[in-house]
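# Overview (structure and organization)
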Amino acid sequence: MRSPAAGIPDPTSAALWGLPLWLWVVLGGIGLFGAFQVYYWVGHHLGSRLYASRLGRRLGQDNIRRVENAVRRWGALAVYGCFWVPGLRHTLPWTAGVLRISYPWYVVASALGCLTWVPVTSFGLYSIIWGWLRLAARSPALAVGVAVVVVAAVAVLVLRRRRRREAERRPEDTLTTA
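### As for the packing of aromatic side chains
On inspection of all chains with the given rule, the structure shows 9 aromatic pairs. Note on Tyr39 and Trp94: the rings are 5.0 Å apart at their centroids and 25 degrees apart in plane angle, and the pair reads as stacked. Taken together, the positions of Tyr39 in helix H1 (residues 21-46) and Trp94 in helix H6 (residues 92-99) put the pair 55 residues apart, joining distant regions of the chain. Its relative accessible area of 17% is what places Tyr39 among the buried residues. On the basis of relative accessible area, Trp94 is assigned to the buried category, the value being 17%. Through a chain of ring-to-ring contacts, the aromatic side chains of Phe36, Tyr39, Phe83, Trp94 and Trp117 assemble into a single cluster.

Here it is as structure tokens:
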């Protein structure tokens, strides 16, 4: 009789360029943690001059103010939360450094963020990629169809978000009554 686990692949056998996937995840987590420390200290040393830099102009003053308000309100919890919000992941740490939030709490929050976000996204992304490749091996036409639907959905979401932002930026027409 065959074991039910016989059909399940060994999770430690996955590899990329000769290194096991789990090692890539660990190295990625360490690299992201290091990047977060660099972001904090660059923001800490540059202070408000960071906002006048090319990066600050590119981000925009309104976006920087929103990030500052989140850091002031939530502190290190905002640092943890920024891992899960695209766009904030690499902007909030600079602001945390400029605002000089408690570095020990920053280290704890960024370490917890790396410990939770990196494995989830690594293995989740790994599963999606291999699932799509498996689909492509069975039915290339269906795989292309799935890719087209995903790209279209992302495009619709991006366009809706852009239109909403543009509508928020436009001054509202106000009616005055006499």
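Now, onward.
### A closer look at the packing of helix H7 (residues 103-138) against helix H8 (residues 140-169)
Where H7 meets H8, the axes come as close as 5 Å, and the angle between the chain directions of the two elements is 140 degrees. Judged by the inter-axis angle, H7 sits oblique to H8. Packed against H7, whose contacting residues are Trp132, Leu135, Ala136 and Arg138, the element H8 presents Pro140, Leu142, Ala143, Val146 and Ala147 at the interface. Here the contact of H7 with H8 is built from residues that sort into 8 nonpolar, no polar and 1 charged.

### Some points on the side chain of Ser110
Residue position: Ser110 is located in helix H7. Relative accessible area serves as the criterion here: at 0%, Ser110 is assigned to the buried category. In this structure the side chain of Ser110 is engaged in a polar contact, spanning 3.0 Å, whose partner is the side chain of Gln37. There is a polar contact of 3.2 Å between the side chain of Ser110 and the backbone oxygen of Val107. Discounting chain neighbours no more than four positions away, the residues touching Ser110 are Phe33, Phe36, Gln37, Val79 and Phe83.

### Observations concerning a nonpolar patch on the surface
On the surface, Leu125, Ile129, Trp130, Trp132, Leu133, Leu142, Val146, Val150, Val154 and Val158 cluster together to form a nonpolar patch covering roughly 870 Å² of accessible area. Elements represented by at least two residues in the nonpolar patch include exactly H7 and H8. Along the chain, Trp130 falls in helix H7. By relative accessible area, Trp130 is classed as partly exposed at 47%.

About the thresholds
Residues numbered from 1 in each chain as written. Predicted model: local features only at pLDDT ≥ 70, side-chain atom pairs only at ≥ 80, totals over all residues. Heavy atoms only, no water. Phe/Tyr/Trp six-rings, centres within 6.5 Å; stacked < 30°, edge-to-face > 60°. Helix = DSSP H or I, 4+ residues; strand = E, 2+ residues; numbered from the N terminus. Buried < 20%, exposed > 50% of the residue type's maximum accessible area, 1.4 Å probe, protein only. Axes fitted to C-alpha atoms, helices over the stretch in contact; angles between N-to-C directions. Parallel < 35°, antiparallel > 145°, perpendicular 65-115°, else oblique. Contact = heavy atoms within 4.5 Å. Nonpolar A, V, L, I, M, F, W, Y, C, P; charged D, E, K, R; others polar. Polar contact = N/O pair within 3.5 Å; in protein donor to acceptor, adjacent residues only side chain to side chain. Patch = residues over 30% accessible without salt bridge, like charges linked within 9 Å, V, L, I, M, F, W, Y side chains within 5 Å. Areas by Shrake-Rupley, 256 points an atom, 1.4 Å probe, with all protein chains shown as cover. Salt bridge = Lys/Arg side-chain N within 4 Å of Asp/Glu carboxyl O.

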